[in-house]
Amino acid sequence: MSPHPERPPGTGRTSGAVDVAFERRLRRVRAHVSGEIDMDNAAELQEDLTAALTSSDSGLDIDLASVTFCDSSGLHALLHVNQLALQAGKSVVLTALSRPVARLLHSTGAERVLAVHGRPGSSAQRLQVATRRFGPTFHLRLTGELDMDTRPALEEVQAALDGVDVVACDMRDLIFIDVVGLYALVDFTRRLHRRGIAFFPYNWQPQPRRLLDVVDELCPAHDGRGRPTRLLRSLQDFTAAARTADSARAREDGLLRVAFPLP
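Computed from a prediction, not measured in an experiment: that's the story for all the values here.

Caption draft 1: Region of the structure containing the overall build of the chain. When helices and strands are counted, the chain shows seven helices and ten strands. Sorting the 263 residues of the chain into buried and exposed places 42% on the buried side. With an accessible surface of roughly 14,200 Å², the chain has 56% of that area assigned to carbon and sulfur atoms.

Caption draft 2: Broad picture of the packing of helix H5 (residues 179-194) against helix H6 (residues 206-218). Two numbers describe how H5 lies on H6: the axes approach to 11 Å, and their chain directions differ by 85 degrees. By the angle class used here, H5 and H6 are roughly perpendicular. Seen from H5, the contacting residues are Val179, Leu182 and Tyr183; seen from H6, they are Leu211, Leu212 and Val215. A breakdown of the residues in the contact of H5 with H6 according to their chemical character gives six nonpolar, no polar and no charged.

Caption draft 3: Local environment of the pattern of salt bridges. On inspection of all chains with the given rule, the structure shows 15 salt bridges. Of the charged contacts in the structure, one is a salt bridge between aspartate 38 and arginine 210, with a shortest N-O distance of 2.9 Å. One end of the pair, aspartate 38, is in the loop between strand E3 (28-37) and helix H1 (42-55); the other, arginine 210, is in helix H6, and 172 residues separate them in sequence. Taken as a pair, aspartate 38 and arginine 210 share a single burial class, namely buried. Counted as one network, the salt bridges with shared partners bring together Glu23, Arg25, Arg30 and Asp63.

Caption draft 4: Quick peek at the environment of leucine 75. Here leucine 75 lies in helix H2 (residues 72-87). The class of leucine 75 is buried, set by a relative accessible area of 8%. Leucine 75 sits 29 residues away from glutamine 46 along the chain, and the two C-alpha atoms are 10.0 Å apart.

Caption draft 5: Quick peek at the sheet that holds strand E9 (residues 166-177). Read from one edge of the open sheet, four strands run E7-E8-E9-E10, paired in mixed fashion. Since the sheet does not close on itself, it has two edges, and those belong to strand E7 (128-134) and strand E10 (198-202), each with one partner. Going across the sheet, the axis of each strand differs from the next one's by a mean of 20 degrees, ignoring polarity. Its contacts with the sheet put helix H3 (residues 99-108) on strand E8 (137-146) and E9, and the angle it makes with E9 is roughly 70 degrees.

Caption draft 6: Structural context of H6. Here H6 is 13 residues long and its end C-alpha atoms lie 18 Å apart, about the 18 Å a rise of 1.5 Å per residue gives. Taken together, the buried positions of H6 are occupied by Gln207, Pro208, Arg210, Leu211, Leu212, Val215 and Asp216. Of the surrounding secondary structure, the elements contacted by the buried residues of H6 are E3, strand E4 (59-70), H3, E9 and H5.

Caption draft 7: How the structure looks around the pairing of E3. With ten of its ten residues buried, E3 lies for the most part within the structure. Here strand E2 (residues 18-25) runs beside E3; their pairing, made up of eight bridges, is antiparallel. The residue of E3 that forms the bridge with glutamate 23 is arginine 30. Hairpin connection of E2 to E3: two residues between the antiparallel strands, including leucine 26 at a positive phi of 50 degrees. When E3 meets E4, the two strands line up parallel, connected through nine bridges. Each bridged residue has a counterpart across the sheet, and for serine 34 the counterpart in E4 is serine 66. Viewed along the sheet, the connection from E3 through H1 into E4 turns out right-handed.

Caption draft 8: How the structure looks around the nonpolar core. If you look at the biggest cluster of nonpolar residues, it comprises 31 residues, and the most contacted ones within it are Val33, Leu49, Leu60, Ile62, Leu64, Leu94 and Leu105. Elements with a minimum of two residues in this core: E2, E3, H1, E4, H2, strand E5 (91-97) and H3. Leu154, Val164, Ile197 and Phe199 belong to the second largest nonpolar core, which has 27 residues in total.

Caption draft 9: A look at the packing of aromatic side chains. Going through the model one piece at a time under the given rule, you end up with one aromatic pair. Between phenylalanine 188 and phenylalanine 199, the aromatic rings sit 5.6 Å apart at their centres with planes inclined by 80 degrees, giving edge-to-face as the arrangement. With phenylalanine 188 in helix H5 and phenylalanine 199 in strand E10, the pair connects residues that are eleven residues apart, well separated along the chain. We note that phenylalanine 188, like phenylalanine 199, is buried.

Caption draft 10: Expanded view of the pairing of E8. Summarising the sheet, E7 and E8 pair through seven bridges and their orientation is antiparallel. Its bridge partner being in E8, valine 129 is matched across the sheet by leucine 142. Where E7 hands over to E8, the hairpin turn is made up of two residues, of which glycine 135 adopts a positive phi near 60 degrees. Of the pairings in the sheet, the one linking E8 to E9 comprises nine bridges and is parallel in character. Bridge assignment links threonine 137 to a residue of E9, and that residue is valine 166. At this point the chain moves from E8, through helix H4 (residues 151-158), to the parallel E9, and the crossover so formed is right-handed.

Cut-off values and rules
- The residue numbers shown here count from 1 along each chain, following its written sequence.
- In view of the model being predicted, local features appear only for residues whose pLDDT reaches at least 70, and side-chain atom pairs are presented and counted only at 80 or more, with totals across whole chains, interfaces and linings using the full set of residues.
- Derived side-chain values reflect all non-hydrogen atoms in the structure, with water molecules and hydrogen atoms excluded from consideration.
- A run of DSSP states H or I qualifies as a helix once it reaches four residues; a run of E qualifies as a strand once it reaches two. Both are numbered from the N-terminal end.
- Relative accessibility thresholds used throughout: buried, under 20% of the residue-type maximum; exposed, over 50%; partly exposed, between the two (1.4 Å probe, protein chains only).
- To be clear on the numbers: accessible area is Shrake-Rupley with a 1.4 Å probe, and residue cover counts the displayed protein chains and nothing else.
- Helix axes use the C-alpha atoms of the stretch in contact, all axes being lines fitted to C-alpha atoms, and the angles between their N-to-C directions lie in the range 0 to 180 degrees.
- Angles are sorted into four bins: roughly parallel if under 35 degrees, roughly antiparallel if over 145, roughly perpendicular if 65 to 115, and oblique for all others.
- The contact criterion used throughout is that any non-hydrogen atoms of two residues lie within 4.5 Å.
- Only Asp, Glu, Lys and Arg are considered charged, only Ala, Val, Leu, Ile, Met, Phe, Trp, Tyr, Cys and Pro nonpolar, and every remaining residue, Gly among them, polar.
- The term salt bridge refers to a pairing of a side-chain nitrogen on Lys or Arg with a carboxyl oxygen on Asp or Glu at a separation within 4 Å.
- Paired strands are those between which DSSP finds at least two bridges.
- One fewer than the residue count of a helix, multiplied by 1.5 Å, yields its expected span.
- With the strands pointing away from the viewer, any crossover whose connection runs clockwise from the first strand over the helix to the second is right-handed.
- The definition of a nonpolar core used throughout is a set of buried Ala, Val, Leu, Ile, Met, Phe, Trp, Tyr and Cys residues joined through side-chain atoms within 4.5 Å.
- When the centres of two rings from Phe, Tyr and Trp lie within 6.5 Å, Trp using its six-membered ring, the rings pair. Their planes under 30 degrees apart give stacked, over 60 give edge-to-face, and anything left gives tilted.

Next comes the structure, spelled out in structure tokens:
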């Protein structure tokens, strides 16, 4: 049997940023869900999972290890399908969780309602901060998860920044941020800004980047100073502006070459 779930005709779909595929196993159906689950696609995912549950003899196994983001609407879809299973004398089992999903289930208490197997290990949850300094430039690399318990690590960094002009922060190994962790990072950045230190985070992963977007959608203006996460997007905005400028220059150069061809 192929290790990757295959989608039988009519039993799965790609919707927005989420993909679901199904595989029949004896008396159960296995669903492999990947991508981002949010209010734009949770209803369609719920419809697909419900159809798969109905077609099964004893229940549905859902693999969520490849889900990079899940909001409350996605959680509601899982709880709804679980309730339908109980009413039908079947079961829903979450066979694998990504860290964003595991944190959502834990923070909401849903892990006590849903049958969960294959939780992610706890060894990678602790935030680790690696630092290097090159003259007035300070390099950070955050690894793990940024939550309410990790503010002291950011405080230690603040204490080591005398004489620093720029802090560059590599986010490639920061796989999860909760709301408390996000506002701790925003506060960290504001304090740097007040000290005249520029902060450039880069290599954002899907879950943290999506959380930035959700916060800005819910709070488009903050104290009259623009987006709540604007200081965290400085390098992203600078890169986007540079690309736009490069494209504009390339178009202008192309037009000039057409209007004034070289001999």
